[in-house]
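Fold and geometry: a report
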Amino acid sequence: MVETAIENVAVAGEAEGLAVRRRRRRLGLGFWLPVAWIGLVVFGALTADLWPLPAPETIDFLKRAALPGTIGEIELAGQTELSEFRYLLGTDNVGRDILSRLVHGARVSLLIGLLSPLIGLLVGGALGVLAGYYRGRVESIVVASMDVILAFPALALLLAIAFYLGPSLPNLIFALGFLSVPASARVARANTLSLARREFVLAAKAMGASDLYILVREIVPNVLMPLLVFAMLLVAVLIVAEGTLSFLGLSVPPPTPSWGAMIEEGRELLDQAPHVTLIPAAAMCLTVLSFNLIGDRLRGLIDPRESRL
Amino acid sequence: MRYLGRKLLRLVLVVAAVTTLTFLLVALLPGDIAYLVVGPTATPTEVEAVREQLGLNRPMLVRYGEWLAALAQGDLGVSLRTSEPVGEAILSRLPVTIELMLLAQVIAVALAVPLGVLCAYRQNRWVDRVVTLVGFAMISVPPFVMALVLIFTVSLRLGWLPATGYVPLSEGLWANLRTFALPALSIALIEWVALMRLLRNDMIVTLQEDFIAMARAKGLPAWRILLRHALRPSSFSLITILGLQIGTLIGGTLIIESIFALPGIGRLLLTGIFSRDYVVVQGCILFIAVAYVVINFLVDLTYSFLDPRIRVGGRDG
């Protein structure tokens, strides 16, 4: 009797271990491919200046809207003489190398897509944790003010900020960061609310720990993971938002390449040279999809463990 | 009734806050709105003249009061470029935006409901996986990219529909719908995913209920169980989100209108931005924000009347 019980437990344990292992294996391609793509984009953005490519502003007047693989003569970055060069991804309407603009444009997308959520998560996360922990008046004020910001349709507010403050990289980072505060605060508050009632917080309180200690050592580490998952989705949303703005010509001003602007520039030749539009569009979609997939997998990873506790 | 009162109070507060914020966006500008209006090449005297003409010299509180008073009479000011009253401009462009939103929602629901039901029924089978994957891919496409891809394939390569342009409803429903098809599709092909996921997840829960087992035991065909028994109790949150999405869509139509050259509110706002016409910008943003708040309020209200639990329970719901 006892033996079979032990055996059952052992079998169950083994099955569980197997399930965990299987889940980890399933994390596989759907997780690592997106990670690899983002790694590639980040690598491209960081090393954009080191590649044997023409500068993103260099124009080859003879090869406008050239197909991928066309060979032209152009000054490469850091050189003064013309040399033969193969445009791997072709050139845009004016004759600039698309690959070079793509890797330089990635900087804008990544800078905005990574820095703005950071602002949103720091400010919103702090507000949310405080609101969820202290409840009462603090919570009412935070929730009410977040509701007002959320009451504005995000794109309209974004356009307003871009219009009034003028489009520049710091302004955009600030504006998008500001817009991501309310949602981050919501996520942080919801998680804090359920955490604050848990036994380990109660235990810490019973031990006479100060609020600060409980917040920093007990609550924040536990809110971090759900916030991180949310951050992935936020990055995806903000890259789209920046793309939309630069598509409208309201992001970083022209000489700096950005994906949204590249998509817009190709629009007039959409029929004759679709690759000018579709290549940066594909890069943007893949990046957004990657962040979405990573976020989804991470959520799948933490949710079952959360519910088992 | 107390619930309604609380909701109304909150509506009034949020509308007041939105109004003030819209005004402050102009008033608290670092730099000078007059500079923005005349452009970067203006001389100081020109700037001074514009400032005088727009009454920007007076204290902010006075301007705020006057603006509010005019607002209360439905006066949103007069466009700096076209001298058209902004209120009228918005109203004349409203039908286009509404038609676009409605069409997009109809298409999105038409896609989401059958696929959501199918995925719930075939949970974790290959149909479900494929639809989920396709959904993931589509939700990752920015609306303006979706619009360009549709223009490229459907109108440039296949030549089925016009790429841009607008035919008013008065010139025939068919011609009108042809110009709206691609813009509505560009929104719907992204929006349906969220609706489909929601319905699928709710339906999976419903399908585990006893009355479904009962219906199965009676030997009813699967489609009948799904459509007649399971769909209605599962569609509750779908309907709510559908309402709430109308609010989000107002923002989403902005860029679509500008790509397809539809004369809606979004295009009015963008034209205002590019011609540095701050009165138009202010009016449009205020209109969009208030419409958004009011629609969300109404949806909330309908929802709570449908489901008494909300009225009694949710304090912050």
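Owing to the predicted nature of the structure, the values given are computational and were not obtained by experimental measurement. (Residues numbered from 1 in each chain as written. Chains lettered and ligands numbered in written order. Predicted model: local features only at pLDDT ≥ 70, side-chain atom pairs only at ≥ 80, totals over all residues.)

Concerning the overall build of chain B
Each helix and strand counted, chain B has 14 helices and zero strands in total. Sequence separation of 24 or more characterises 68% of the internal contacts of chain B that already satisfy a separation of 6 or more. (Helix = DSSP H or I, 4+ residues; strand = E, 2+ residues; numbered from the N terminus. Contact = placed C-beta atoms within 7 Å.)

Comments concerning the domain arrangement of chain B
Along its sequence, chain B is carved into domain 1 (2-72) and domain 2 (86-316). On a C-alpha basis, the centroid separation for the pair domain 1 of chain B and domain 2 of chain B is 33 Å. (Domains from an automatic or database assignment.)

A few points about unusual backbone geometry
Residue and element names in this part refer to chain B. Unusually for a residue other than glycine, Asn-124 sits at a positive phi of about 65°. Along the polypeptide, Asn-124 turns up in the loop between helix H5 (86-121) and helix H6 (126-139). With 10 C-beta atoms packed within 10 Å, Asn-124 lands in the exposed category. Phi is positive for Ala-261, close to 55°, though the residue is something other than glycine. Topologically, Ala-261 is positioned in the loop between helix H11 (236-260) and helix H12 (265-274). (Buried ≥ 20, exposed ≤ 12 C-beta atoms within 10 Å, placed from the backbone.)

Topic: the interface of chain B and chain A
Facing 33 residues of chain B, the contacting portion of chain A comprises 32 residues. Going through the elements one at a time, helix H1 (2-27), H6, helix H7 (143-157), H11, H12 and helix H13 (278-306) of chain B are the ones with two or more residues in the side of chain B that touches chain A. In the side of chain B that touches chain A, the residues fall into 28 nonpolar, four polar and one charged. (Nonpolar A, V, L, I, M, F, W, Y, C, P; charged D, E, K, R; others polar.)

Section: the environment of Ser234(B)
Residues and elements named next belong to chain B. Tracing the backbone shows Ser-234 in helix H10 (residues 222-234). According to the C-beta neighbour criterion, Ser-234 is buried, with 24 such atoms within 10 Å. With residues up to four places along the chain from it excluded, the contact list for Ser-234 reads Leu-199, Asp-202, Met-203 and Thr-206.

Side note on H10(B)
Turning to H10(B), its buried residues number three or more, namely Ile225(B), Leu226(B), Ala230(B) and Ser234(B). If you follow the buried residues of H10(B), they end up packed against H5, helix H8 (173-206) and helix H9 (210-217) of chain B.

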